[in-house]
Amino acid sequence: LCSILISIVCGIIGTVIILKKLTMMSGGIAHTSFGGVGLGYFLGIEPIIGAFFFALAAAVGIGYIGKKSDRGSDIATGIFWSAGMALGILFISLTPGYPPDISSYLFGDILTVSKTDLLLTLILDAAVVFFIIAFYNCFRAYLFDDEFAAVIKINVNLINNILHVLIALTIVILIRAVGIVLVLALLTAPAAIARLFSGNLKTIMILSVLISLLLCFAGLWVSYRFNIASGASIALLSAILYFAAHIVKKISEKKTGRKNQKSS
């Protein structure tokens, strides 16, 4: 169930990340959320709640700095990234008692997903799908070109802020399944693979969801079959499938080019 639900949100939000080139920003948000995990352990609350607030703060902060300066976004991403990881380590070191096991948050363990996590993922799926369907034309114009969207009277800042919040929420949900370190693999690989074979927005999203499903189920099978971490299995298969798809695409383009040369 978790694999199905996260595949839906990964397919949609991953497409946004790929088309708007927000991969580094997403990585920064993911690693900043580790500070919230450490704070959760330090305060004795659910670490995922702390991760949510840190991820949201990073999304808003990076987005705001990015608006003010073209170069500021990359700088802000790096600073949030390192500061979040450092704060996470600091809070965990200050936590009384034995140090907690943080491997499931760093590398993921889909077997630890609770009913509450499933409910939160379902709510996020509903919010993302509603947003995309209700504002599809505005959303498509925004992904095509910010300036064009602004010319046709679309509130670009509002859409931008909503998307940043949705990216932060998606990353927090994915932490349970694949972990902070590996979250980018499932967020970017399916959409990147889909984009190799289609330029249509709807097609890319649908293909991304299906590819994400394939990777999640295949990763779970590999994890069970060889007794290795599920998050690492999913991330590694994502990378392998992307490079394989890239090679297939290049071979296909060469064959098409040769056919065109012969016909001409």
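Not measured: the values here are computed from a predicted model.

Reading the values: rules and limits
- Residues numbered from 1 in each chain as written.
- Predicted model: local features only at pLDDT ≥ 70, side-chain atom pairs only at ≥ 80, totals over all residues.
- Heavy atoms only, no water.
- Phe/Tyr/Trp six-rings, centres within 6.5 Å; stacked < 30°, edge-to-face > 60°.
- Buried < 20%, exposed > 50% of the residue type's maximum accessible area, 1.4 Å probe, protein only.
- Helix = DSSP H or I, 4+ residues; strand = E, 2+ residues; numbered from the N terminus.
- Patch = residues over 30% accessible without salt bridge, like charges linked within 9 Å, V, L, I, M, F, W, Y side chains within 5 Å.
- Areas by Shrake-Rupley, 256 points an atom, 1.4 Å probe, with all protein chains shown as cover.
- Salt bridge = Lys/Arg side-chain N within 4 Å of Asp/Glu carboxyl O.

1. Let's talk about the packing of aromatic side chains
Using the criterion set out here, one finds seven aromatic pairs in the structure. With centroids separated by 5.7 Å and ring planes inclined at 45°, the aromatic side chains of Phe-131 and Phe-135 adopt a geometry described as tilted. When its relative accessible area of 41% is taken as the criterion, Phe-135 is described as partly exposed. Geometrically, the ring pair formed by Phe-131 and Phe-139 is edge-to-face, given 6.1 Å between the ring centres and 80° between the ring planes.

2. Side note on unusual backbone geometry
Although it is not a glycine, Lys-21 sits at a positive phi angle of roughly 55°. By the element assignment, Lys-21 lies in the loop between helix 1 (2–19) and helix 2 (23–43). Take Lys-21: its relative accessible area is 74%, and that puts it in the exposed class. Even without being glycine, Asn-227 reaches a positive phi, approximately 55°.

3. A closer look at a nonpolar patch on the surface
A cluster of nonpolar residues, Phe-42, Leu-43, Ile-45, Ile-49, Phe-53, Leu-87, Leu-90 and Leu-94, forms a patch on the protein surface that exposes about 710 Å² of accessible area. Counting only elements with at least two residues in the nonpolar patch, the list comes to helix 2, helix 3 (47–68) and helix 4 (72–94). Top contributing element to the nonpolar patch by residue count: helix 4, with three residues. Within the element layout of this structure, Phe-42 appears in helix 2. For Phe-42, a relative accessible area of 34% gives the class partly exposed.

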